[in-house]
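Next come the chains, spelled out residue by residue.
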Amino acid sequence: MAKKRSKKDRVRAKLRHAPVIKAMPVESKIQKSETIRPAEKNDYLKEIFAYDPKLILKDLRKTFLVVVFVLIVLLAIFLLYT
């Protein structure tokens, strides 16, 4: 059974989970949101392909090897218990 929390514990938990709000001027928020939204779609594709292709291939190889290893382990477990 769970123990009851004291008032100190409840206050501490509320403070821990409270969102941190940073004060910013209203004008800068409006200007940033207006400039980011239209260019956001175009920049997304540019960011993906801005990486070095060698690094992308290296990451894909690592991912493929990990997937193959996991599948082999699952196959071995499957064959042992059938």
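The rules behind each value
Residues numbered from 1 in each chain as written. Predicted model: local features only at pLDDT ≥ 70, side-chain atom pairs only at ≥ 80, totals over all residues. Heavy atoms only, no water. Helix = DSSP H or I, 4+ residues; strand = E, 2+ residues; numbered from the N terminus. Buried < 20%, exposed > 50% of the residue type's maximum accessible area, 1.4 Å probe, protein only. Areas by Shrake-Rupley, 256 points an atom, 1.4 Å probe, with all protein chains shown as cover. Patch = residues over 30% accessible without salt bridge, like charges linked within 9 Å, V, L, I, M, F, W, Y side chains within 5 Å. Salt bridge = Lys/Arg side-chain N within 4 Å of Asp/Glu carboxyl O. pLDDT = per-residue confidence, 0-100. Lys, Arg positive; Asp, Glu negative; His and termini not counted. Charge placed at Lys NZ, Arg CZ, Asp CG, Glu CD. Expected span 1.5 Å × (residues − 1).

A. Molecular detail of the overall build of the protein. Regarding its fold elements, the protein presents three helices and zero strands. Scanning the protein from its N terminus toward the C terminus, one meets helices and strands in the order α-α-α. Counting every position in the protein, which comprises 82 residues, the buried fraction comes to 1%. Surface exposure of the protein reaches about 8,900 Å², of which carbon and sulfur atoms provide 67%.

B. Broad picture of a nonpolar patch on the surface. Residues V66, V67, F69, V70, L71, V73, L74, I77, L80 and Y81 make up a contiguous nonpolar surface patch of roughly 1,000 Å² in combined accessible area. Looking at where L74 falls in the secondary structure, it is placed in helix α3 (residues 53-80).

C. Focus on the confidence of the model for the protein. The share of residues in the protein with pLDDT of 70 or more is 68%, and the mean pLDDT across the chain is 78. Per-residue pLDDT, averaged within each element of the protein, yields its smallest value for helix α2 (residues 26-48) (61) and its largest for α3 (95).

D. Just a positive patch on the surface, in detail. Where like charges cluster on the molecular surface, the positive patch consists of R5, K7, R10, K14 and R16. Mapped onto the secondary structure, R16 falls in helix α1 (residues 7-17). Note on R16: relative accessible area 59%, which makes it exposed.

E. Representation of α3 within the structure. Taking 1.5 Å of rise per residue, the 28 residues of α3 would be expected to cover 40 Å, and the 41 Å separating its terminal C-alpha atoms lies within 8% of that figure. Burial within α3 is sparse, with just zero of its 28 residues counted as buried.

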